[in-house]
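Each chain, letter by letter, is given below.
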Amino acid sequence: TPDGYVAPREPAVAEKLEWFKDQKLGLMMHFGLYSQLGIYESWPLSDEDESWSREQVDWTDDGEFLKAQYWGLAKSFNPVRFEPEKWADVAARNGFRYVTLTTKHHDGFCMFDSKHSDFKITNTNLCPFAINPRADVVKHVFEAFRARGLGISAYFSKPDWHHPDYWDDCGLGRRVGRWPTYDPLADPARWNRFREFTKNQILELVRDYGPLDMIWLDGGQVQPRYNMDIRIEEIIAEARETTPGLIAVDRSAGGPCENVITPEKEVPPQVLDVPWESCIPMGGGFSYRYDDKFKSPRELVHLLMDVISKGGNLALNVAPGPDGRIPAPAIESLDGLGAWLRANGEAVYSTRPAAPYRVGNWAFTGRGGTVYAIRLWKESDDRDPGEIPLGDAKATVVKVRHLASGKALDFETSSGGIRIKDPFAADMYADVFALEAE
């Protein structure tokens, strides 16, 4: 919700948020220990979330055994077909403008060579992938995406369920949930150790793995309202000494460090006038799942246009498998989206919402004096666009151009908008009509 949104005071951050709103399409990637089993990321460790998070784990009802097995995944994580350049190629050719990668999820396993934790992919005494030249996954992903001109967003979990100053004994031998196993107010020294650890890792990512465009902080329970104050404003201020304009996403925590709000697995029903990004999985969940079913190119085009017509960005999550590859069926769908964007990207990138925004099978964006009317086709539609619903704005339209073909189309005024008179080569998924005003 945008209620209570705090606009940034720093001009560099405000400017960077305009850059963010121009990008429209980001690739989110959840990759970690959980990728091996095709289960929810981190959440099976939480006993309080067992009713939904362990539904994919049918080999045990014993929470203690399950947690021990999960922690043991570090000893077998070996994504030997990890080729970040191929990830970046898929993203770049299909119209993605930035990547959001899980540097550390709630389980605390670092996908980067952190100086502040031994529970990491580069620990040669723990993880077999540590001997691989690309063991520092975050480093190599960020370098590959930067080389293709894409922006960099680092997902980082504020809670760390492996850290002894968050969960006692990694949660073994007790019921655990999203919260620390102790009261931070009753043991401030212990909480301060955890706060310092968290600060050090965030600054490590900003300084050693930058330049970053965005630090994407998950785990909204870690905030002062719940007696878990990590003094995030101080951390972000220090991070911006290294990276002025750094976008902070302290998601669901509110306040001046939640520069972007992040609805999850849904699209708001109306236009929002603050920076926002819907994070939506391409398949059944954010982590890799065996035999997953992915959204079709049509679904992806329609989803993207629904999001941007309401003023947001789409963070489309595509999860690599345990060997480090993006699933081939996912790439096929992404290639379909990319082909559509190559023909119609003018109506997508650097646009803003335009009235009437979203009406039935129409979505609208705009830039300057041009409004882009996007007709979203169902597979069964006969490709007659019908009336473009413009209301009184119809009187200002002087030219209509079919974007993909570049063809100028004759049109006539109708009761509630305009109607196209000329034939055009209809697209499978959506057609864009550029309406130029006088």
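In this text, all values refer to a predicted model and were calculated from it rather than measured experimentally.

About the criteria used
- One numbering rule holds for all chains: residues counted from 1, following each sequence as written.
- Selection of residues for local features in this predicted model requires a pLDDT of at least 70, selection of side-chain atom pairs for listing and counting requires 80 or more, and totals for whole chains, interfaces and linings are taken over all residues.
- Values reported for side chains reflect all heavy atoms of the structure, with hydrogen atoms and water molecules removed beforehand.
- At least two bridges found by DSSP between two strands are what make those strands a pair.
- Helix and strand labels come from DSSP, where a helix needs a run of H or I of at least four residues and a strand needs a run of E of at least two; each type is numbered from the N terminus.
- Categorising residues by exposure relies on relative accessible area from a 1.4 Å probe, with only protein chains included: less than 20% of the type maximum marks a residue as buried, more than 50% marks it as exposed, and the intermediate range marks it as partly exposed.
- Axis lines are fitted through C-alpha atoms, for helices just across the contact stretch, and the angle between N-to-C directions can take any value from 0 to 180 degrees.
- Buried Ala, Val, Leu, Ile, Met, Phe, Trp, Tyr and Cys residues that are joined via side-chain atoms within 4.5 Å together make up what is termed a nonpolar core.
- Note on contacts: a residue pair qualifies if any of its non-hydrogen atoms lie within 4.5 Å across the two residues.
- Put simply, a salt bridge is a Lys or Arg side-chain nitrogen that is within 4 Å of an Asp or Glu carboxyl oxygen.

**Student:** When you look at the pairing of strand β15 (residues 417-420) in this model, what are you seeing that I'm missing?
**Tutor:** Consecutive side chains along a regular strand alternate between the two faces of the sheet. Direction of pairing for strand β11 (residues 387-389) relative to β15: antiparallel, over a ladder of three bridges. Each residue of the ladder has a partner; that of P389, found in β15, is G417. In terms of strand pairing, strand β14 (residues 411-413) meets β15 through three bridges, oriented antiparallel. Note that in β15 the partner of E412 across the bridge is R419. The hairpin formed by β14 and β15 contains three residues between the paired strands.

**Student:** What am I meant to see in the pairing of strand β9 (residues 362-367) here?
**Tutor:** Summarising burial for β9: five of the six residues are buried, a large majority. When strand β8 (residues 352-359) meets β9, the two strands line up antiparallel, connected through four bridges. Bridge pairing links R358 to A363 in β9. Between β8 and β9, which pair antiparallel and follow one another directly, the connecting turn spans two residues, one of which, G360, has a positive phi of 55°. Relative to strand β10 (residues 370-376), β9 runs antiparallel, the two being bridged by six bridges. Within β10, the residue paired with R367 across the bridge is T370. Between β9 and β10, which pair antiparallel and follow one another directly, the connecting turn spans two residues, one of which, G368, has a positive phi of 60°.

**Student:** Which parts of the structure should I look at to understand the sheet that holds β9?
**Tutor:** Hydrogen bonding along the main chain pairs the strands of a sheet, whether they run parallel or antiparallel. Taken together, six strands build an open sheet; the order of strands is β8-β9-β10-β16-β12-β13 and the sheet is antiparallel. Only two strands of the sheet have a single neighbouring strand rather than two, namely β8 and β13 (407-409). The mean inter-strand angle of the sheet, taken between neighbouring strand axes irrespective of direction, is 25°. As paired strands, β10 and strand β16 (residues 430-437) are joined by seven bridges and run antiparallel to one another. The residue bridging I374 from the neighbouring strand is V432, located in β16.

**Student:** Help me understand the nonpolar core in this model?
**Tutor:** In summary, soluble globular proteins display a tendency toward joint burial of nonpolar side chains. In this structure, F145, I215, M305 and W340 are the most contacted members of the largest nonpolar core, which totals 105 residues. Excluding residues within four positions of it along the chain, I215 makes contact with A154, I202, L205, I236, L246, I247, A248 and V249.

**Student:** In this structure, what is going on with the pattern of salt bridges? I would like to understand it.
**Tutor:** Charged atoms that come close allow side chains of opposite charge to pair. In total, this model carries 37 salt bridges according to the counting rule given. Of the charged contacts in the structure, one is a salt bridge between E10 and R240, with a shortest N-O distance of 3.1 Å. Placement of E10 in the segment before α1 (11-23) and of R240 in helix α7 (residues 232-242) is noted, with a sequence separation of 230 residues between them. Note that D160 is salt-bridged to K104, the shortest N-O span being 2.8 Å. With D160 in the loop between β3 (151-157) and α6 (188-208) and K104 in strand β2 (residues 98-104), the pair connects residues that are 56 residues apart, well separated along the chain. Taking the relative accessible area as the measure of exposure, D160 reaches 3% and is therefore buried. On the basis of relative accessibility, which here comes to 0%, the residue K104 falls in the buried class. One continuous salt-bridge network, built from bridges that share partners, spans D47, E50, R54, E64, K67 and R175.

**Student:** Looking at this structure, how should I read unusual backbone geometry?
**Tutor:** Most peptide bonds take the trans form, and the phi angle of most residues other than glycine is negative. Between G210 and P211 the backbone carries a cis peptide bond, its omega angle lying at 5°. Within the secondary structure, P211 is located in the loop between α6 and β4 (214-218). In the segment running from A355 into P356, the intervening peptide bond is cis, with an omega of 5°. Along the chain, P356 turns up in strand β8. The residue D291 is not glycine, and still its phi comes out positive at about 55°. Look at S350: it is not a glycine, yet its phi comes out positive at around 60°.

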